[in-house]
Amino acid sequence: MTGIVDLHHTGEWSLLDPLPPEQLASGQPELRGVELFSAQENGLSVGLWSATPFVAASGPYPVDEFMILLEGTLIIRLRDGRSETLRAGDSFFIPKGLDCTWDQPETVRKIYVIFENGVVEPSATFPLKVDPEAGLT
């Protein structure tokens, strides 16, 4: 594919396979999504994802992922007790290997950019939230 990927998808979102039980701490989420771009040879994918409430089992995040929340609230919790609450409109990045819990108290819809071939150890110790009000230095 060449050209710009349009992230305004107005069609149906496919029902996705359920999360394996060992990946869940609570909830039985219904997952939906649509992949808009994939370069599997590079481990890159872009798309839309939605899920009803759930809490994932704590563990290392499996991929490098940049996200923009379109709807809902998400809490990323670290083992040391720190947490970051993200809401619709927030943009953020979770590095591969970050040991965290994905706590989603309500339905979330997001745009995602996943890079599966990222580093094994996280380069950051916390999700990086994009602040559009911050100045560039």
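Quantities reported herein were computed from a predicted structural model and do not represent experimental measurements. (Residues numbered from 1 in each chain as written. Predicted model: local features only at pLDDT ≥ 70, side-chain atom pairs only at ≥ 80, totals over all residues. Heavy atoms only, no water.)

**Student:** So what exactly am I meant to see when it comes to the packing of aromatic side chains here?
**Tutor:** The way to describe two aromatic rings as a pair is by their centre distance and the angle between their planes. Tallying each qualifying case throughout the model produces 2 aromatic pairs. Relative to Trp102, the ring of Trp49 lies with its centre 6.0 Å away and its plane at 90°, an arrangement referred to as edge-to-face. Of this pair, Trp49 sits in strand E4 (residues 44-51) while Trp102 is found in strand E11 (residues 99-104), placing the two residues 53 residues apart along the sequence. Judged on exposure class, the residue Trp49 and its partner Trp102 are both buried. Ring geometry for Tyr61 and Trp102: centres 6.4 Å apart, planes at 20°, overall stacked. Separated by 41 residues along the polypeptide, Tyr61 in the loop between strand E6 (59-60) and strand E7 (64-71) and Trp102 in strand E11 bring together distant segments of the chain. Trp102 gets classed as buried once you look at its relative accessible area, which sits at 7%. An aromatic cluster is built from Trp49, Tyr61 and Trp102, whose rings are joined through pairwise contacts. Over the face of the ring belonging to Trp49 we find Lys110, whose NZ or CZ atom lies 4.5 Å from the ring centre. (Phe/Tyr/Trp six-rings, centres within 6.5 Å; stacked < 30°, edge-to-face > 60°. Helix = DSSP H or I, 4+ residues; strand = E, 2+ residues; numbered from the N terminus. Buried < 20%, exposed > 50% of the residue type's maximum accessible area, 1.4 Å probe, protein only. Lys NZ or Arg CZ within 6 Å of the ring centre and 35° of its normal.)

**Student:** Even after reading the chapter, I still don't get the pattern of salt bridges, so can you show me in this structure?
**Tutor:** Two side chains that carry opposite charge are able to pair once their charged atoms sit near each other. What the rule picks out here adds up to 6 salt bridges. For Arg82, the salt bridge is made with Asp80, and the minimal N-O distance between the two is 2.9 Å. Relative accessible area serves as the criterion here: at 39%, Arg82 is assigned to the partly exposed category. (Salt bridge = Lys/Arg side-chain N within 4 Å of Asp/Glu carboxyl O.)

**Student:** Quick question: what am I supposed to make of the layout of surface pockets here?
**Tutor:** To find the voids left in a structure, one rolls a probe of water-molecule size over its atoms. In this structure, the largest pocket encloses a volume near 800 Å³. The wall of the largest pocket is formed by 28 residues, among which Leu19, Gln23, Tyr61, Pro62 and Glu65 lie closest to the centre. Of all elements in the fold, only strand E3 (31-39), E4, strand E5 (54-56), E6, E11 and strand E12 (108-115) reach the threshold of two or more residues within the lining of the largest pocket. The residue makeup of the lining of the largest pocket, split by class, is 17 nonpolar, 5 polar and 6 charged. (1 Å grid on protein atoms, 1.4 Å probe; cavity = no way out; pocket = protein on both sides within 12 Å on 5 of 7 lines; lining within 4 Å. Points joined across faces, edges and corners; volume = space filled by probe spheres on them. Nonpolar A, V, L, I, M, F, W, Y, C, P; charged D, E, K, R; others polar.)

**Student:** Just checking my understanding: could you explain the nonpolar core for this structure?
**Tutor:** The nonpolar side chains of a soluble globular protein tend to be buried, and buried together. Core analysis: the largest hydrophobic core is formed by 22 residues, its most contacted members being Trp49, Ile94 and Trp102. When contributions to this core are tallied by element, the ones reaching two or more residues are E4, E5, E7, strand E8 (73-78), strand E10 (91-94), E11 and E12. Not counting residues up to four positions away in its chain, the partners in contact with Trp49 are Trp13, Leu16, Leu31, Arg32, Gly33, Phe54, Trp102, Gln104, Val108, Arg109, Lys110 and Tyr112. (Core = buried A, V, L, I, M, F, W, Y, C linked by side-chain atoms within 4.5 Å. Contact = heavy atoms within 4.5 Å.)

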